[in-house]
Amino acid sequence: MKQFKVSIVVPAYNEEKNLVPLSEALLPLLKQYDDYEIIFVNDGSTDLTLEKCRELHKKDKKIQFISFSRNFGHQVALKAGLDFATGDCVISMDADMQHPPRLIPQMVELWQKGNDVVYTIRQDSENQSFIKKLCSRCYYFVFRFFSGLKLPSGTADFRLLDRKVVRVVQNLSEKTLFLRGMIFWLGFKQKALLYTPNKRWAGNSHYTIRKMLALAFAGAVSFSVKPLRIATYLGLITAFLGCLFTAYVLYMKLWNGAVISGWASIMSVLLILGGVQLFIMGIIGEYIGLIFIETKKRPLYIVEEKSFDNKEPF
Ligand code: UDP
Ligand code: MG
């Protein structure tokens, strides 16, 4: 069998208590492979995550780290890890042990059998709140509707990528990232694996409602122009209903001599129309915002410190 290297990429934001247990769980599993590396991406943590990364790297040179100048977000941290990873296959996972490390040998085995992407699907478990489960379900439904991609509900950012897929992802230059959708969109030979998430080891979830909404918007508007088309249809439907109503008013006046009276009817039409217009403007605004962000051509992330010398991303 050809020798190969396994890379593990772990975004970490305020995970000081999780990095050591995670390394202890990963290292025994990784020792069976010819070569391996763990890359922690410190996403502008405000606790001792960076110090923990430095300590772990000092003890074991197979553990590497990249540290951002500030918090750039989970998706960006994942992308940075993929940019710097050198393995023949690269596995991304969370730092909080919710993605069970014991699945790694199975993922590598599936990769050796010729799969280019081994992604995982989260099974519902009592370790997640009801609200989070419900939001997740709705979200995947909306995403599938907008993007036309059959992304299964619960697809996680716990996945293995073959080197050739990593190279493609490295070259994706877009700034609005929704990696699980983007990788699904890439094609190649993909295989799904089911898993039940563990309870978070230490600390709390960093996915606030605001961050979840940002990810949801990124997924909804960055894959297609379907929302714009829906806005067009909405405008057409509203105009059509307006015409019907006008015809009705004229009919009442000409045939029955009646004038529909009322402040209430004017107000409701005004509010509905105003709402529809603002909604459509909001959708257009989202797309203009995306164009604005892309045209600025700012770097996706800024690395302040890293454990390896002279190594530029890919
Ligand atoms: N994370 C990150 N940057 C952020 C938020 C989260 O790198 O701004 C990391 C976090 O350290 C963890 C992973 O992304 O390794 C998933 O985050 P979390 O466990 O908080 O989310 P949840 O599992 O609750 O969806
Ligand atoms: Mg988590």
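Before reading on, note that the structure itself is shown above.
Below is a summary of the structure that appears in this document.

Calculation criteria
- Residues numbered from 1 in each chain as written.
- Chains lettered and ligands numbered in written order.
- Predicted model: local features only at pLDDT ≥ 70, side-chain atom pairs only at ≥ 80, totals over all residues.
- Heavy atoms only, no water.
- Buried < 20%, exposed > 50% of the residue type's maximum accessible area, 1.4 Å probe, protein only.
- Helix = DSSP H or I, 4+ residues; strand = E, 2+ residues; numbered from the N terminus.
- Right-handed = clockwise from strand over helix to strand, strands pointing away.
- Pairing = 2+ DSSP bridges.
- Axes fitted to C-alpha atoms, helices over the stretch in contact; angles between N-to-C directions.
- Parallel < 35°, antiparallel > 145°, perpendicular 65-115°, else oblique.
- Left-handed = near helix turned anticlockwise from the far one by under 90°.
- Contact = heavy atoms within 4.5 Å.
- Nonpolar A, V, L, I, M, F, W, Y, C, P; charged D, E, K, R; others polar.
- Expected span 1.5 Å × (residues − 1).
- Arc of directions from axis to C-beta.
- Patch = residues over 30% accessible without salt bridge, like charges linked within 9 Å, V, L, I, M, F, W, Y side chains within 5 Å.
- Areas by Shrake-Rupley, 256 points an atom, 1.4 Å probe, with all protein chains shown as cover.
- Salt bridge = Lys/Arg side-chain N within 4 Å of Asp/Glu carboxyl O.
- Near = heavy atom within 4 Å.
- Polar contact = N/O pair within 3.5 Å; in protein donor to acceptor, adjacent residues only side chain to side chain.
- Core = buried A, V, L, I, M, F, W, Y, C linked by side-chain atoms within 4.5 Å.

### Things to note about the pairing of strand E3 (residues 63-68)
The element E3 is largely enclosed, with a buried count of 6 among its 6 residues. For the crossover that starts at strand E2 (residues 35-42), traverses helix H2 (residues 49-59) and ends in the parallel E3, the hand is right-handed. Here 3 bridges tie E3 to strand E8 (residues 303-306), and the two strands are oriented antiparallel to one another. Residue Ser67 lies in a different strand from E8, and its bridge partner there is Glu305.

### Notes on the packing of helix H5 (residues 130-147) against helix H8 (residues 209-221)
One way to put it is that H5 packs onto H8 with a least axis distance of 9 Å and a crossing angle of 20°. Classified by the interaxial angle, the pair formed by H5 and H8 is roughly parallel. In this structure, the crossing between H5 and H8 has a hand that is right-handed. For the pair H5 and H8, the contacting residues are Lys132, Tyr139, Phe143 and Phe146 in the first and Met212, Leu215, Ala216, Gly219 and Ala220 in the second. Within the contact of H5 with H8, the residues separate by chemical class into 7 nonpolar, 1 polar and 1 charged.

### Considering H5
Given a rise of 1.5 Å per residue, 18 residues ought to cover 26 Å, and the 26 Å separating the end C-alpha atoms of H5 matches this to within 8%. Within the sequence span of H5, burial applies to Ser136, Tyr139, Tyr140, Phe143, Phe146 and Ser147. Seen from one end, H5 has its buried residues packed into an arc of 135°, which puts them on one side. In H5, the exposed positions that point more than 90 degrees away from the buried face belong to Phe130, Ile131 and Phe141. The first or second residue beyond H5 is Gly148, which carries a positive phi of 75°.

### Things to note about a nonpolar patch on the surface
A contiguous nonpolar patch, built from Phe245, Tyr248, Val249, Leu250, Tyr251, Leu254, Trp255, Ile260, Val269 and Leu273 and spanning about 980 Å² of accessible area, is present on the exposed surface. Secondary-structure elements contributing two or more residues to the nonpolar patch are helix H9 (226-256) and helix H10 (263-296). It is H9 that provides the largest number of residues to the nonpolar patch, a total of 7 residues.

### Examining H2
Among the residues making up H2, those that are buried are Thr49, Leu50, Cys53, Leu56 and His57. Around the axis of H2, the buried residues are gathered within 125° of arc, so they sit on the same side. Among the exposed residues of H2, those oriented more than 90 degrees off its buried face are Lys58 and Lys59. Where H2 is buried, its residues touch strand E1 (5-12), helix H1 (19-30), E2, E3 and E8.

### Some details on the sheet that holds E2
Strand order in the open sheet formed by 8 strands is E7-E5-E6-E4-E1-E2-E3-E8, and the pairing between neighbours is mixed. Looking at the sheet topology across the chains shown, the edges are occupied by strand E7 (190-195) and E8. Taken over all neighbouring pairs, the strand axes of this sheet differ in orientation by 20° on average, direction set aside. Sheet topology note: the E2/E3 ladder contains 5 bridges and is parallel. Bridge pairing in E3 places Asn42 opposite Ser67. Most of the contacts of H1 go to E2, to which it runs at about 165°, and overall it touches E1, E2 and E3.

### Quick look at unusual backbone geometry
Phi angles above zero are rare outside glycine, and Met97 is one such case at about 70°. Along the polypeptide, Met97 turns up in the loop between strand E4 (89-92) and helix H4 (104-112). A positive phi angle is found at Lys297, which is not glycine, with a value near 55°. By the secondary structure assignment, Lys297 is in the loop between H10 and E8. Exposure remark for Lys297: the relative accessible area of 67% places this residue in the exposed category.

### Description of the site of ligand 1
Surrounding ligand 1, one finds 18 residues, the nearest of these being Glu15, Asp43, Asp96, Ser205 and His206. Separating an oxygen atom of ligand 1 from a side-chain N or O atom of Glu15 is a distance of 2.5 Å. Within the side chain of Asn71, a nitrogen or oxygen atom sits 3.1 Å from an oxygen atom of ligand 1. Notes on ligand 1: free accessible area 530 Å², of which the protein chains cover 92%. Across the shell around ligand 1, the residue classes tally to 5 nonpolar, 6 polar and 7 charged.

### Quick look at the nonpolar core
Val6, Ile8, Ile38, Phe40, Ile91 and Val108 are the most contacted members of the largest nonpolar core, which totals 36 residues. Counting residues in hydrophobic clusters, the runner-up holds 30 residues, among them Phe68, Phe84, Val166 and Leu177.

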